[in-house]
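The primary structure of each chain is shown beneath.
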Amino acid sequence: MASTGCRGFAGGLPVRSFHLPAGWRTVRLRALASGDAAVGRATRRHDVFTVLGSTDGNRLIWNQLVVIIDPGKPEFAAQGPVRTGRARGRAGPPAPRSRSGPKAWAGRFCAFRFGFGVRHLKLLEGTVPMSTLNATYAKRLENLGIRVPEILLPNTKVDLGTWAVVACDQYTSDRAYWETVERIVGDRPSALRLTLPEIYLDQPGLTERVHRIHGAMASYLAEGVLESRGECWVYVRRTTEHSGVREGVLMAMDLERYDYARDSKSLIRATEGTIVERIPPRLAVRGPAPLELPHIMILVDDPERSLIEGWSARVHELDKLYDVELMQGGGRLEGSAIREPAHVGEILERLERLLDRTRERQRTDQPLFWAMGDGNHSLATAKASWEAIRKRLLAEGLPEQEVLHHPARWALAEIVNVHSPALRFEPIHRAVFTGDVGKLTHGLRRDETVSEVAACNATELREVLAGPEGQDKAGYFDGQRFHLVTWKAGLGLPPGLVDGVFSHHARIDTSARIDFIHGWEDTERMAAGGAGCFFLPVLARERLFSWVDKNGPLPRKSFSMGDAQEKRFYMEARRITPQ
């Protein structure tokens with residue numbers, strides 16, 4: 001017996017929890033007034049089953065019921081806020097499973113009696129189409145390169161404060177941070193068990209750690225730690241000490257519309273160089289995994305703030321999914337479901353208008369519309385995984401249309417407006433760990449890309465790099481003194497030039513390695529561990545879309561959005577294998 005805690009409320013009457021046999025599934029049922037006809041809609045997974053019914057002249061209140069469907073039997077049972085108890089009826093068996101479209105049930109459905117002003121609800125006989133948001137808006141979603149995902153979240157018994165952990169690509173040289181996370185989480189269910197902090201990428205036991213991740217995913221699904229909240233987008237509000245309120249919408253991005261190549265003209269593009277060598281270790285995690293948890297953030301160029309920011313004043317129209325204080329200074333995280341067809345249609349209309357304006361601004365029919373913000377290599381890994389799955393399924397003889405409905409075709413990402421005042425663009429600094437910092441300093445002064453290396457103090461250096469005159473400069477700290485580095489004109493952007501200096505030094509010191517650090521103080525501390533520290537400016541956000549559209553991706557790790565503790569925390573999950 002599999003347990004499910006299904007609850008509904010009408011006028012304060014709760015639906016009691018009950019158990020479902022293994023293999024059964026639940027569909028939430030919601031009733032609302034709309035004439036005498038009745039139509040039911042559901043999905044192959046958990047979703048809203050909408051019923052429109054007669055009110056006999058009385059006001060029909062909102063009701064929620066739970067429909068229990070056994071795919072192998074013709075009966076169904078409904079349990080909900082009914083004054084006369086549980087109602088039963090009969091329906092025909094479900095239609096054969098189809099991956100390429102919605103299902104349908106056929107037969108005669110029963111009538112229910114509701115309390116609190118509602119008399120009877122008569123349902124239609126005959127076929128009842130099972131529509132989904134993705135089926136309803138299929139063409140429009142495809143044109144925009146997005147999808148409405150089925151969201152999984154922890155059940156109500158899970159402590160969300162220990163469930164949510166920061167993105168795996170943060171604190172990559174700060175073992176103390178992750179040791180503290182381990183102590184906070186303990187043996188409680190946590191996204192920490194489903195992700196691989198990159199501080200462990202070069203550590204012994206990596207294969208065993210990846211196997212434990214896959215085992216935890218299977219366990220959390222089997223034991224109901226993760227539950228479906230239906231087909232929806234998620235409006236996200238993140239409040240942090242330094243940036244205030246940052247808003248976003250979690251969507252599923254179509255990997256068929258994404259290409260990270262430098263000459264890409266796809267709708268979704270990388271904004272910085274992708275290091276293909278960094279994909280395989282991440283692919284080892286995602287490839288066999290049944291789940292994905294996103295830390296990807298994708299930018300949209302919406303100067304009028306018409307797409308996302310307006311939901312702050314309308315959040316009361318949405319279903320609250322979670323509200324939690326995050327660990328280790330991560331701030332507060334709130335999420336609400338966008339699932340009503342009217343709301344989904346409204347967002348699609350705004351996106352379509354924005355896409356038209358983007359084509360006009362960039363003067364092309366192949367514009368950069370979705371630009372990578374954070375998690376570039378995670379999205380590239382999702383792309384590689386999907387391409388491998390598609391190739392394998394086609395080789396097995398599956399029809400292309402069926403293959404293209406595989407859930408691995410999409411990847412979850414939070415969409416954020418590049419013009420959001422709470423989106424602080426920050427540089428990603430470099431720490432070059434080497435056995436001889438003096439040789440690194442000497443090599444920097446003699447590098448053919450460098451025009452001048454001038455001594456300065458930390459305050460002067462920070463002021464220069466924060467201003468417009470610092471866009472083509474960099475800072476350097478050898479553990480004793482700070483320096484302002486001026487590059488020769490026309491050779492590229494500072495992040496790429498610093499990476500070039502490291503490449504030259506690595507030929508002399510083959511054990512040298514480079515790390516990418518968020519935050520000035522965190523970077524400066526690396527000098528105590530034998531590193532030469534490079535401080536970088538950040539490309540002005542107003543230039544981002546136009547620069548990438550004209551020149552291709554920026555050098556790798558060119559910018560970040562906010563400090564390390566402000567990065568996306570893992571909360572939602574989604575299946576990437578068929579059920």
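The written sequence of each chain sets the order in which its residues are numbered from 1. Residues qualify for local features only when their pLDDT is at least 70, as the model is predicted, and side-chain atom pairs are given and counted only at 80 or more; totals for whole chains, interfaces and linings, by contrast, use all residues. As a convention, hydrogens and water are excluded, and side-chain values are obtained from all of the structure's heavy atoms.

1. A closer look at the pattern of salt bridges
Here's step 1: We define a salt bridge as a contact between a side-chain nitrogen of Lys or Arg and a carboxyl oxygen of Asp or Glu at a distance within 4 Å. Applying the stated criterion across every chain, the model contains 36 salt bridges.
Here's step 2: Of the charged contacts, one joins Arg481 and Asp478 as a salt bridge, the two residues approaching to 3.9 Å between their closest N and O atoms.
Here's step 3: If you follow the salt bridges from partner to partner, you end up with Arg237, Lys320, Asp323, Arg332 and Glu334 in one network.

2. Details of the packing of aromatic side chains
Here's step 1: Two rings from Phe, Tyr or Trp (for Trp, the six-membered ring) form a pair when their centres sit within 6.5 Å of each other. Planes less than 30 degrees apart are called stacked, planes more than 60 degrees apart edge-to-face, and all others tilted. Summed over all chains, the structure comprises eleven aromatic pairs.
Here's step 2: Arranged with centres 6.2 Å apart and planes meeting at 55 degrees, the rings of Tyr258 and Tyr260 form a pair that is tilted.
Here's step 3: Note on exposure labels: buried denotes an accessible area under 20% of the residue type's maximum, exposed denotes more than 50%, and partly exposed covers the range between, all computed with a 1.4 Å probe on protein chains only. Assessed through its relative accessible area of 24%, Tyr260 is described here as partly exposed.
Here's step 4: When the ring of Phe477 is compared with that of Phe482, the centres are 4.3 Å apart and the planes differ by 15 degrees; the resulting orientation is stacked.
Here's step 5: Judged by relative accessible area, which is 8%, Phe477 ranks as buried.
Here's step 6: Taking relative accessible area as the criterion, Phe482 reaches 10% and is therefore assigned buried.
Here's step 7: Aromatic rings pair up to connect Phe477, Phe482, Trp520 and Phe535 into one cluster.

3. What about unusual backbone geometry?
Peptide bonds are trans in most cases, and residues, glycine excluded, mostly fall at negative phi.
Here's step 1: The phi dihedral of Tyr171 is positive, around 55 degrees, even though this residue is not glycine.
Here's step 2: Comment: elements are numbered from the N terminus, with helices defined as DSSP H or I runs of at least four residues and strands as E runs of at least two. The topology assignment puts Tyr171 in the loop between helix 3 (160–163) and helix 4 (175–185).
Here's step 3: Even without glycine at this site, Lys557 takes up a positive phi of about 50 degrees.

4. Observations regarding the confidence of the model for the protein
Here's step 1: Taken residue by residue, the protein gives an average pLDDT of 80. The fraction at 70 or more is 77%.
Here's step 2: Confidence drops under a pLDDT of 50 for residues 1–131, and excluding neighbours within four residues, the segment shows 272 contacts in the predicted structure. Across the chain, each position has a pLDDT score giving the predictor's confidence in that residue, from 0 to 100. When checking whether two residues touch, look at their non-hydrogen atoms; a contact exists if any pair is within 4.5 Å.

5. Side note on the layout of surface pockets
Here's step 1: Put simply, the second largest pocket is a space of about 630 Å³.
Here's step 2: Computed over the protein atoms alone on a 1 Å grid, cavities are sets of points where a 1.4 Å probe fits but cannot get out and pockets are open sets with protein on both sides within 12 Å along at least five of seven lines; a residue lines them when it has an atom within 4 Å of a point. Looking at the second largest pocket, it is lined by 23 residues, and the ones nearest its centre are Glu198, Asp202, Arg513, Ile514 and Asp515.
Here's step 3: Here the lining of the second largest pocket gets five residues from one element, more than from any other, and that element is strand 32 (residues 513–518).
Here's step 4: Its residues assigned to classes, the lining of the second largest pocket shows eight nonpolar, five polar and ten charged. Grid points are joined across faces, edges and corners, and a volume is the space filled by probe spheres set on the points. Residue classes follow a fixed rule: Ala, Val, Leu, Ile, Met, Phe, Trp, Tyr, Cys and Pro count as nonpolar, while Asp, Glu, Lys and Arg count as charged, and any other residue, Gly among them, counts as polar.

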